[in-house]
Amino acid sequence: MTRSPFRHLMDTSELTKEEIRRILERAHFWEEHQASGLAPFTGRFAANLFFEPSTRTRFSFEVAEKRLGMQVVNFTPDVSSSTKGESLFDTVKTLVSIGVEVAVIRLTDEQELLFLIKQNPGCAIINAGAGSFAHPSQSLLDLYTLVKHFGDLTGKRVAVIGDIAHSRVVRSNLWTLKQFGAEMIVSGPEEMRDPEVERIAPYVSFEEALRTADVVMLLRVQLERHQGKLFSSREEYHRRYGLSAERLKIMKPEAIIMHPAPVNRGVEIADELVEHPRSKIFEQMKNGVWIRMAILERALGEW
Amino acid sequence: MTRSPFRHLMDTSELTKEEIRRILERAHFWEEHQASGLAPFTGRFAANLFFEPSTRTRFSFEVAEKRLGMQVVNFTPDVSSSTKGESLFDTVKTLVSIGVEVAVIRLTDEQELLFLIKQNPGCAIINAGAGSFAHPSQSLLDLYTLVKHFGDLTGKRVAVIGDIAHSRVVRSNLWTLKQFGAEMIVSGPEEMRDPEVERIAPYVSFEEALRTADVVMLLRVQLERHQGKLFSSREEYHRRYGLSAERLKIMKPEAIIMHPAPVNRGVEIADELVEHPRSKIFEQMKNGVWIRMAILERALGEW
Amino acid sequence: MTRSPFRHLMDTSELTKEEIRRILERAHFWEEHQASGLAPFTGRFAANLFFEPSTRTRFSFEVAEKRLGMQVVNFTPDVSSSTKGESLFDTVKTLVSIGVEVAVIRLTDEQELLFLIKQNPGCAIINAGAGSFAHPSQSLLDLYTLVKHFGDLTGKRVAVIGDIAHSRVVRSNLWTLKQFGAEMIVSGPEEMRDPEVERIAPYVSFEEALRTADVVMLLRVQLERHQGKLFSSREEYHRRYGLSAERLKIMKPEAIIMHPAPVNRGVEIADELVEHPRSKIFEQMKNGVWIRMAILERALGEW
């Protein structure tokens, strides 16, 4: 059996519109066949290397791998030789030597991941969210959620609210949403603005964002980073930039709520809105599994 | 395929005698068919969330899940978003979103677990031992071990010895053993007595307990909690309340020894008695796998 | 079904030449059948207990177990009852009670492992590298790599360079390599010599080792242990005992490079030589999976 070459995924900007469409189609296939027992990659090995904590992304990839029939090894920094100072390349090359074909990696420093890909350790590398740089699987599951809800995205306005400057989600979404005809705007605290993002997605007032958007996408606030500096408290952030029942009323009647999660309940969004009928937050997580199955198929060159 | 509703398990007191009998029957079925390769839940997902350390309970559930064919994700606090302050509900709801159907949870605070069940995250919740409140799977495996050994339990006297006040095992056993006609008594240090328990299980002297019981069930002493306060040393506890070869002699000739483990050898029980022919300690662990397979079947509504 | 008795593996010195030959044959079988989907131990359980950090050995065993069809439980000290002071015997006996048939263990203290085997917990015990005592699976994969490369080893000279005194690899290799007719020599810093080893493997100068060996096997330097004492820096070690492009030139033209890994790049060996065509370092890791599958087969008594 000859195998197609591996395909890395560092960011969505590497993907053509055609490739993205293919990923959405395959995600749809897996969603439709979720009870089929199809497991095309039985006996093949994936490794998850998370150097930053994560619940949803890590387990979502693990479930996607196992649904495809793969065997999974989970690398956590503390139980491994990384305490012996081994380089990322040597760690991944080791995993490749013992049979791993795809490595799903979350790192703080995206440069390290780009360098790893350049060194070519011999397996597919999937970026599971690098620092504030990119988060391709999150962006693709956002897109899938939107396309499932709206069908055609042409002219739909997506407002991203919050810490734009530190968000890996917003960067990855700029590319994918634009490709599918959606328009992006941003809002949030002055101190969290990002001039580079605003060249593509204009900054508007929070009120204008709420009033005009078809999708209100709230970003997690890194409270531990900002508290006592930008904001005196959780409550203050919520009062100024959080989505409340009150503010929901000024949103367009058919507009939906999204959030990459984990949510700070009562900060970015009022507790009672997280599971509101117009919130797609847990739907996004569900879709994440199908999208990641599609990403893994692409990574292994098996379309 | 329509699926039956999930069934949580917070404590044995929720179970009717009929349900307990059913669990024992299914445990027996799995013990009988352990080499059959039967794996009815292939492709379905379980999650284990242990917020307190555990060897036997955690691995016993993991083995039970895998024997049933399930895929398993193991959540440990340090590798997950819990460091980002996410609530238990949101963590479990996330796992449900990515496909988990049953969550096995060990927590210190049983109120948190009761609250989670009330919030209804969308999967079956199994209590794997909450604080000093309840430990239903341990209680059911004790019962299974007793029924296998004695057949009918009517009139059998079970003496539980040790830290009654802090034991989750004793509370869960009060219900299950009484249901099957056994009589319970307790003994141990004055400072570890529990008036609530004694309303059902009378307190007797250690000597009377040993002399009259059909089952001597020793509880683990939390040495780290009591040492230097109630007892000057391990040896002192053993001298006063430990089962020694000497004390074994005053037990009824057919009486058996049990312990929920992990054992403090030389404290609750003399080293050489742990694997004594009359000790069922490792037999209890063995039975734990069959009981947990039955609990998982019930949880998933598949009887 | 009757099962053959378990076979522990503490060190290679327990193995007859015939048994070693059998392990090499079975490793070869598994390498040849790597795409066959053969999984003879489906539904059986292995446990990995690593009390010291490890990437390659732990994952290599895990992949070997899973390739054989086994279910795997991974025991890490922090998530288990070991924090409650349970003995190794009780931990392993617990795992046996819940169905584990083979335990792969890495410990600092080999005496503890020898004692465990003597206590006979009821499963096969495989030493995955104990302190500076023995590392049988590493030694067997070294041998397999050599036999694959050279065929007959008679008269081949293997030079082991570095911290001989603290190496578990060198001890295990003394036995296996001699059995197959190879000759062993050692070299490295005076302070790292080991008189016991030198009774079998003569000490020679670094230059003589390089000039006369068919295999140059470099050992990892525990920099954290020696730095600032024996050596002022990484560079100093490399200058005096590291394999550089310069020194490669004085090696025999067909001589190969080996290293048990993880490698300190730029210390024991120059960065650019790790993946040199004459380096077998990643080939060793690959072979580790086939060797460990053979060791597991032997452990379970299934030849």
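Residues numbered from 1 in each chain as written. Chains lettered and ligands numbered in written order. Predicted model: local features only at pLDDT ≥ 70, side-chain atom pairs only at ≥ 80, totals over all residues. Heavy atoms only, no water.

Chain A has the name Aspartate carbamoyltransferase in an unreviewed UniProt entry, where Thermoactinomyces daqus is given as its organism. If you open the UniProt record of chain A and go to Pathway (unreviewed entry), you find "Pyrimidine metabolism; UMP biosynthesis via de novo pathway; (S)-dihydroorotate from bicarbonate: step 2/3." On record in UniProt, under Catalytic activity (unreviewed entry), the comment for chain A is "carbamoyl phosphate + L-aspartate = N-carbamoyl-L-aspartate + phosphate + H(+)". (UniProt positions renumbered as here; feature names shortened; annotations may be inferred.)

A. Representation of the overall build of chain A in the model. When helices and strands are counted, chain A shows 12 helices and 8 strands. Expected size for 303 residues packed as a compact globule is a radius of gyration near 19 Å; at 19 Å, chain A falls within 12% of this value. The dimensions of chain A, computed from C-alpha atoms along their principal axes, are 60 × 45 × 35 Å. A burial count over chain A gives 61% of its 303 residues as buried. Taking the intrachain contacts of chain A between residues at least 6 apart in sequence as the baseline, contacts between residues at least 24 apart amount to 76%. Total accessible area on chain A is roughly 11,300 Å²; 50% of this is exposed by carbon and sulfur atoms. For chain A, the separation between the mean place of its 39 positive charges and that of its 41 negative charges on side chains is 2 Å. (Helix = DSSP H or I, 4+ residues; strand = E, 2+ residues; numbered from the N terminus. Rg over C-alpha atoms; globule rule 2.2 N^0.38 Å. Buried < 20%, exposed > 50% of the residue type's maximum accessible area, 1.4 Å probe, protein only. Contact = heavy atoms within 4.5 Å. Areas by Shrake-Rupley, 256 points an atom, 1.4 Å probe, with all protein chains shown as cover. Lys, Arg positive; Asp, Glu negative; His and termini not counted. Charge placed at Lys NZ, Arg CZ, Asp CG, Glu CD.)

B. Focus on the relation of the copies chain C and chain B. When chain C is fitted to chain B, the residual RMSD is 0.0 Å, and the transformation amounts to a turn of 120° plus an axial shift of 0.1 Å. Taken together, these values place the two copies in the relation of a three-fold axis. The residues that chain C uses at the interface reappear at the interface of chain B in only 5% of cases, marking distinct surfaces. (Least-squares fit on C-alpha atoms with pLDDT ≥ 70 in both.)

C. Structural view of the domain arrangement of chain A. Residues and elements named next belong to chain A. Assigned domains within chain A: domain 1 (12–134 + 286–299) and domain 2 (138–280). A separation of 26 Å is found between the C-alpha centroids of domain 1 and domain 2. The interface is formed by 26 residues belonging to domain 1 together with 21 residues belonging to domain 2. When domain 1 packs against domain 2, close to 1,900 Å² is buried across both sides, 61% of that on carbon and sulfur atoms. Here domain 1 and domain 2 share 2 salt bridges between them. (Domains from an automatic or database assignment. Buried area = accessible area lost by both parts, 1.4 Å probe. Salt bridge = Lys/Arg side-chain N within 4 Å of Asp/Glu carboxyl O.)

D. Looking closely at the pairing of strand β1 (residues 45–50) of chain B. Residues and elements named next belong to chain B. Among the 6 residues of β1, 6 are classified as buried, and the element is accordingly described as predominantly covered. Along β1, one buried face is formed by Phe45, Ala47 and Leu49 and the opposite face, lined by Ala46, Asn48 and Phe50, is buried too. Where β1 lies against strand β2 (residues 71–75), 5 bridges are found, and the strand directions are parallel. Considered in β2, the bridge of Phe45 is made with Gln71. For the handedness criterion, the β-α-β arrangement of β1, helix α2 (residues 56–67) and β2 is classed as right-handed. (Pairing = 2+ DSSP bridges. Right-handed = clockwise from strand over helix to strand, strands pointing away.)

E. Spotlight on the relation of the copies chain C and chain A. For the pair chain C and chain A, the relating rotation is 120°, the translation along its axis is 0.0 Å, and the fit reaches an RMSD of 0.0 Å. Take the interface residues of chain C: only 5% of them recur as interface residues in chain A, which is what a contact between different surfaces looks like.

F. Geometry of the interface of chain C and chain B. With 22 residues of chain C at the contact, the number on the chain B side is 22 residues. For the chain C and chain B pair, buried surface summed over both sides reaches about 2,100 Å², with 58% attributable to carbon and sulfur atoms. Applying the counting criterion to the chain C and chain B interface returns 2 salt bridges. Note that Arg265 of chain B and Asp90 of chain C form a salt bridge whose closest N and O atoms lie 2.7 Å from each other.

G. Here's a closer look at the sheet that holds strand β7 (residues 215–218) of chain B. Residues and elements named next belong to chain B. The strand order across the open sheet built from 4 strands is β6-β5-β7-β8, with neighbouring strands paired in parallel fashion. For this open sheet the edge positions go to β6 (183–187) and β8 (256–258), each flanked by a neighbour on one side alone. Across the sheet, the axes of successive neighbouring strands diverge by a mean angle of 20°, strand direction being ignored. (Axes fitted to C-alpha atoms, helices over the stretch in contact; angles between N-to-C directions.)

H. Inspection of the pattern of salt bridges at higher detail. What the rule picks out here adds up to 63 salt bridges over all chains. The salt bridge involving Glu19 of chain A is made with Arg298 of chain A; its shortest N-O contact spans 3.5 Å. Of this pair, Glu19 of chain A sits in helix α1 (residues 17–32) while Arg298 of chain A sits in helix α12 (residues 281–299), placing them 279 residues apart in sequence. Given the relative accessible area of 6%, Arg298 of chain A is considered buried. One network of salt bridges, with partners in common, ties together Asp90 and Lys93 of chain A together with Arg265, Asp271 and Glu275 of chain C.

I. How the structure looks around the sheet that holds strand β7 (residues 215–218) of chain C. Residue and element names in this part refer to chain C. Pairing in this open sheet of 4 strands is parallel, and the strands run β6-β5-β7-β8 from one edge to the other. Taken across any chain shown, the strands that pair with only one partner, and hence form the sheet edges, are β6 (183–187) and β8 (256–258). On average, each strand axis in the sheet is tilted by 20° relative to the strand beside it, whichever way the strands run. In terms of strand pairing, β7 meets β8 through 3 bridges, oriented parallel. Across the sheet, residue Met217 finds its bridge partner in β8, namely Met258. Relative to β8, helix α5 (residues 136–150) is tilted by about 165°, and along the sheet it contacts β5 (157–161), β7 and β8.

J. View of the UniProt feature "binding site: L-aspartate" (unreviewed entry) in chain A. Residues and elements named next belong to chain A. Under the UniProt annotation, "binding site: L-aspartate" (unreviewed entry) lies at Lys84, Arg168 and Arg220. Examined against the element boundaries, Arg168 turns out to sit in helix α6 (residues 168–179). Tracing the backbone shows Arg220 in the loop between β7 (215–218) and α9 (223–226). A residue is classified by how much of its surface remains accessible, and Arg220, at 11% relative accessible area, is buried.

K. Layout of the interface of chain C and chain A. Facing the 22 residues of chain C at the interface are 22 residues of chain A. Of the roughly 2,100 Å² buried between chain C and chain A on both sides combined, carbon and sulfur atoms contribute 58%. Connecting chain C to chain A are 2 salt bridges. Run the count over chain C and chain A and you get 4 residue pairs in polar contact (both at pLDDT 80 or more). (Polar contact = N/O pair within 3.5 Å; in protein donor to acceptor, adjacent residues only side chain to side chain.)

L. Inspection of the packing of aromatic side chains at higher detail. Evaluated as defined, the whole model comprises 15 aromatic pairs over all chains. Taking the centre distance of 6.2 Å and the plane angle of 25° together, the rings of Phe59 of chain A and Phe75 of chain B count as stacked. Of this pair, Phe59 of chain A sits in helix α2 (residues 56–67) while Phe75 of chain B sits in strand β2, placing the two residues on different chains. Take Phe59 of chain A and Phe75 of chain B: they sit in the same class, and that class is buried. Ring centres 5.1 Å apart and planes at 85° place the aromatic pair Phe29 of chain C and Trp30 of chain C in the edge-to-face group. A relative accessible area of 24% places Phe29 of chain C in the partly exposed class. What makes Trp30 of chain C buried here is its relative accessible area of 3%. (Phe/Tyr/Trp six-rings, centres within 6.5 Å; stacked < 30°, edge-to-face > 60°.)

M. Helix α10 (residues 234–241) of chain A, seen in detail. All names here are of chain A. Turning to α10, its buried residues are Glu236, Tyr237, His238 and Tyr241. Summarising the contacts, the buried residues of α10 are in contact with β5 (157–161), α8 (206–212) and α11 (245–248). Two or three places before Glu235, at the opening of α10, Ser233 has a side-chain oxygen 3.3 Å from that residue's backbone nitrogen.

N. Quick look at α2 of chain A. Residues and elements named next belong to chain A. In a regular helix each residue adds 1.5 Å, so 12 residues correspond to 16 Å; α2 covers 16 Å between its end C-alpha atoms and thus fits that length. Burial analysis of α2 places 12 of its 12 residues in the buried class, which makes it a mostly covered element. Of all the positions in α2, only Arg56, Thr57, Arg58, Phe59, Ser60, Phe61, Glu62, Val63, Ala64, Glu65, Lys66 and Arg67 are classed as buried. One or two residues past the end of α2 sits Gly69, with phi positive at roughly 95°. (Expected span 1.5 Å × (residues − 1).)

O. Quick peek at the environment of Ser60 of chain A. Within the secondary structure layout, Ser60 of chain A lies in helix α2. On a C-alpha basis, the gap between Ser60 of chain A and Gln111 of chain A in space is 24 Å, while along the polypeptide they are 51 residues apart. Ser60 of chain A has contacts with Gly288, Val289 and Arg292 of chain A together with Ile98 of chain B, leaving out every residue within four places of it along the chain.

P. Structural detail: the environment of Ala47 of chain C. Mapped onto the fold, Ala47 of chain C is located in strand β1 (residues 45–50). Once you skip the residues sitting within four places of it in the chain, Ala47 of chain C turns out to touch Val73, Leu95, Val100, Val102, Ala103 and Val104 of chain C.

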